[in-house]
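Summary of the model geometry
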Amino acid sequence: MLGEGILKGMLETAKNFAGSFVSEERLTTVEYPEQRIPTIENTRVFPFLVYDGPDWQAGMRCVACQICEKECPPKCIYIEKSKDKKPDFVGKMQIYPARFDIDVSVCMSCQICVEVCPFEAIKMDTQFELATDDRFGDLLLDRHELAKSNEYYHSIHPAEAAEVDARLAHEKAVAEAKARAAAEKAAADAAAKAAAAKPEMPAVGGR
Ligand code: SF4
Ligand code: SF4
């Protein structure tokens, strides 16, 4: 029937309105900001940069590959690569972002930057109270403002963060096993080369 959905919706609203006078269960709103509804796992607002360990600069996962910058639809990510390198989570020397800004007044919370990042370095925050009258000063977030610990990531997206940790731990174990195998092979090759280069001892007391 035409308009059936609208009537059903209005009936539900009417039931909640009348019921809210007699039952707390019918109160579907809260008195914000005194009361808050806890955010759920899939809540997403603006991106942040994940770091491991106690030092945000040393532990930042981002390697300034700029994939997110290229893929961001409204082009609100600005990255400058470092001139030097630092070890990443598997110990490989990588460049890092000397500058990483996001203009959250332009960001549309699409999460594409998160989906394209190969390093699990950028995730969606649940923090939404960013209202300000300083559009340029407060809404262009730099790498320090964007950096948040892996513990924080776990606190807002526990299931997703646990899955990411397991994947990174697996990648680290594979990289370490490869490095060990390469070191053992290099040592074996060096030993074989040394043995081949050793001159033969002349026979003693031979006729
Ligand atoms: S969430 Fe979307 S719009 Fe915002 S920075 Fe990421 S890719 Fe850009
Ligand atoms: S956040 Fe990810 S995709 Fe973006 S530059 Fe850093 S490593 Fe690359």
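Residues numbered from 1 in each chain as written. Chains lettered and ligands numbered in written order. Predicted model: local features only at pLDDT ≥ 70, side-chain atom pairs only at ≥ 80, totals over all residues.

In this section: the pairing of strand β1 (residues 47-51). The buried fraction of β1 is high, at five of five residues. For β1 and strand β6 (residues 122-124), the ladder comprises three bridges, and the chain directions are antiparallel. Directly across from F48, in β6, lies its bridge partner K123. Of the strand pairs in this sheet, β1 and strand β8 (residues 147-149) are connected by three bridges, and their pairing is parallel. Looking at β8, one finds that Y51 is bridged to S149. (Buried ≥ 20, exposed ≤ 12 C-beta atoms within 10 Å, placed from the backbone. Helix = DSSP H or I, 4+ residues; strand = E, 2+ residues; numbered from the N terminus. Pairing = 2+ DSSP bridges.)

A separate point is the sheet that holds strand β7 (residues 140-141). Taken in spatial order, the three strands line up as β2-β5-β7 in an open sheet, and their pairing is antiparallel. What marks the edges here is a single partner per strand, and that holds for β2 (77-81) and β7. Bridging between β2 and strand β5 (residues 97-103) involves five bridges; their strand directions are antiparallel. Note that in β5 the partner of I79 across the bridge is F100.

By nearness alone, 14 residues border ligand 1, and C72, C107, C110, I112 and C113 come closest of all. Residue composition of the shell around ligand 1, by class: twelve nonpolar, two polar and no charged. (Near = placed C-beta within 6 Å. Nonpolar A, V, L, I, M, F, W, Y, C, P; charged D, E, K, R; others polar.)

Everything listed is a geometric property; what it means functionally is a separate question.
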